[in-house]
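# Tertiary structure, described
If you want the building blocks of each chain, they are given just below.
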Amino acid sequence: MNPSRKPLIAANWKMYKTVAEAVSFIKSIQEETGPCADLEVVIAPPFTALKAVGDNLTQQGFSLAAQNCHWEEKGAFTGEVSPIMLSDLGCNYVIVGHSERRQLFGETDETVRRKAAAVLAAGMVPVVCVGEVLEQREQGKTFEVVGRQVEGALSGLSARQAELLVIAYEPVWAIGTGRTATAAQAQEVHALIRKTLAALFNKEVEKKGRILYGGSVKPDNIDLLMAEPDIDGVLVGGASLEVGSFKRLVQFKS
Ligand code: PEP
């Protein structure tokens, strides 16, 4: 991490936790950590628990995220939820383009771009997920794939918007597999993303843009990851579901 950027620890709960389970977790974790003045802790519960979690986020530094949205404000889109509806519920962040959505629900760079723009237009911050699959890494295509995803998702945004947005580098082969990228592997790609931000926008975006790492982040690897200069935080699935492990992530040592 670099002290000029506020660290962000984000929990992606995917399709886990009922409302009662979510509220119980939120109460416990806030009690355990106390106020978080120097970092942001972002919780992304399923849609069904957004309201209840938001109502119980009282500790300094904690905020609410959704895991997905549609790009339109409203309309005949059965089953979809718009950015305005999420902002109305108190969300500050929306995850877009998670690899599970790209792989299982047909998301493309173009839908990710539309969603990111819509989230910004609604006054929230998109967390744009990018990352290569194992085959692409083995073929030496990681930079090409990630560079293309970043360009695709951010095209058409102003420098000011790009500065606000958060990018999450999540190598697909590391998500939910227990196989983490080494800190050096992650840093290498984060540095590439930062250079891409400079090329697409300017030095200010390169300096201020926050880039998270995601992929089997656990209590035993977070400190090494957070020690890298271009890793500004983490997006966590599995280890964000238990209070004990998530507390240790929030209390990473850099
Ligand atoms: C994720 O869902 O974004 C993720 C990184 O999951 P896990 O931490 O379980 O690999």
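Residues numbered from 1 in each chain as written. Predicted model: local features only at pLDDT ≥ 70, side-chain atom pairs only at ≥ 80, totals over all residues. Heavy atoms only, no water.

Moving on, we come to the overall build of the chain. Looking only at helices and strands, the chain has twelve helices and eight strands in total. In terms of principal-axis extent, the alpha carbons of the chain reach across some 45 × 45 × 35 Å. Placing the 27 positive and 30 negative side-chain charges of the chain at their respective mean positions leaves the two points 2 Å apart. (Helix = DSSP H or I, 4+ residues; strand = E, 2+ residues; numbered from the N terminus. Lys, Arg positive; Asp, Glu negative; His and termini not counted. Charge placed at Lys NZ, Arg CZ, Asp CG, Glu CD.)

Helix packing for two helices is described by the angle between their axes and how far apart those axes are. Their axes nearest at 10 Å, the elements helix α7 (residues 142-154) and helix α9 (residues 183-200) cross at an angle of 40°. Judged by the angle between their axes, α7 and α9 are oblique. For the crossing formed where α7 meets α9, the hand is right-handed. Contacts between α7 and α9 involve T142, F143, V146, G147, V150, E151 and L154 from the former and E188, V189, L192, I193, T196, L197 and L200 from the latter. (Axes fitted to C-alpha atoms, helices over the stretch in contact; angles between N-to-C directions. Parallel < 35°, antiparallel > 145°, perpendicular 65-115°, else oblique. Left-handed = near helix turned anticlockwise from the far one by under 90°. Contact = heavy atoms within 4.5 Å.)

All right, on to the environment of R148 then. In this structure, R148 sits in helix α7. Here the alpha-carbon distance between R148 and Q59, two residues 89 residues apart in the chain, equals 38 Å.

The next subject is the site of the ligand. As a structural note, the neighbourhood of the ligand is formed by 14 residues, with K14, E170, G176, S216 and G237 the closest of them. Between the ligand and G176, the relevant distance is 2.7 Å, taken from an oxygen atom to a main-chain nitrogen or oxygen of the residue. A distance of 2.7 Å is found between an oxygen atom of the ligand and a backbone nitrogen or oxygen belonging to S216. For the ligand, whose free accessible area comes to 290 Å², the fraction covered by protein is 97%. Along the lines of polarity and charge, the residues of the shell around the ligand split into four nonpolar, eight polar and two charged. (Near = heavy atom within 4 Å. Polar contact = N/O pair within 3.5 Å; in protein donor to acceptor, adjacent residues only side chain to side chain. Areas by Shrake-Rupley, 256 points an atom, 1.4 Å probe, with all protein chains shown as cover. Nonpolar A, V, L, I, M, F, W, Y, C, P; charged D, E, K, R; others polar.)

Another point: the environment of L157. In this fold, L157 is placed in the loop between α7 and α8 (159-164). On a C-alpha basis, the gap between L157 and A117 in space is 7.1 Å, while along the polypeptide they are 40 residues apart. When sequence neighbours within four positions are dropped, the list of residues in contact with L157 reads A117, L120, L165 and F201.

With that settled, the discussion passes to the pairing of strand β7 (residues 210-214). Where burial is concerned, most of β7 is hidden: five out of the five residues are buried. The two faces of β7 match: R210, L212 and G214 on one face and I211 and Y213 on the other face are all buried. Relative to β7, strand β6 (residues 166-169) is paired through four bridges, and the arrangement is parallel. Following the sheet pairing, Y169 is matched in β7 by Y213. Bridge count between β7 and strand β8 (residues 233-236): three bridges; the pairing is parallel. (Buried < 20%, exposed > 50% of the residue type's maximum accessible area, 1.4 Å probe, protein only. Pairing = 2+ DSSP bridges.)

Attention now goes to the packing of aromatic side chains. What describes a pair of aromatic rings is the distance from one ring centre to the other and the angle between the planes of the rings. Within the structure shown, the criterion is met by three aromatic pairs. Relative to F25, the ring of W13 lies with its centre 4.9 Å away and its plane at 75°, an arrangement referred to as edge-to-face. One end of the pair, W13, is in the loop between β1 (8-12) and α1 (19-33); the other, F25, is in helix α1, with twelve residues separating them in the sequence. The buried category is assigned to F25, whose relative accessible area is 4%. In textbook terms, an aromatic cluster arises when at least three aromatic residues are bridged by ring pairs, as seen for W13, F25 and F246. Here the guanidinium or amino end of K17 rests over the ring plane of W13, the centre of that ring lying 5.3 Å away. (Phe/Tyr/Trp six-rings, centres within 6.5 Å; stacked < 30°, edge-to-face > 60°. Lys NZ or Arg CZ within 6 Å of the ring centre and 35° of its normal.)

The final tally for this structure, using the stated rule, is 20 salt bridges. For the salt bridge of D230 with R5, the shortest nitrogen-to-oxygen distance reads 3.9 Å. With D230 in the loop between α11 (222-226) and β8 and R5 in the segment before β1, the pair connects residues that are 225 residues apart, well separated along the chain. The pair D230 / R5 is uniform in exposure class, with both members buried. A salt bridge links E110 to R114; the nearest nitrogen and oxygen atoms lie 3.1 Å apart. Of this pair, E110 and R114 both sit in helix α5 (residues 109-121), separated by four residues, roughly a single helical turn. Since its relative accessible area comes to 35%, E110 is described here as partly exposed. Taken together, the shared-partner salt bridges connect R5, R194, D230 and D232 into one network. (Salt bridge = Lys/Arg side-chain N within 4 Å of Asp/Glu carboxyl O.)

It is worth spelling out unusual backbone geometry at this point. Residues other than glycine seldom take positive phi values, yet K14 does so here, at roughly 50°. With respect to the secondary-structure elements, K14 resides in the loop between β1 and α1. Positive phi is not limited to glycine here, since K17 has a value of about 85°.

Geometric descriptors of this kind do not, in isolation, establish any biological role.
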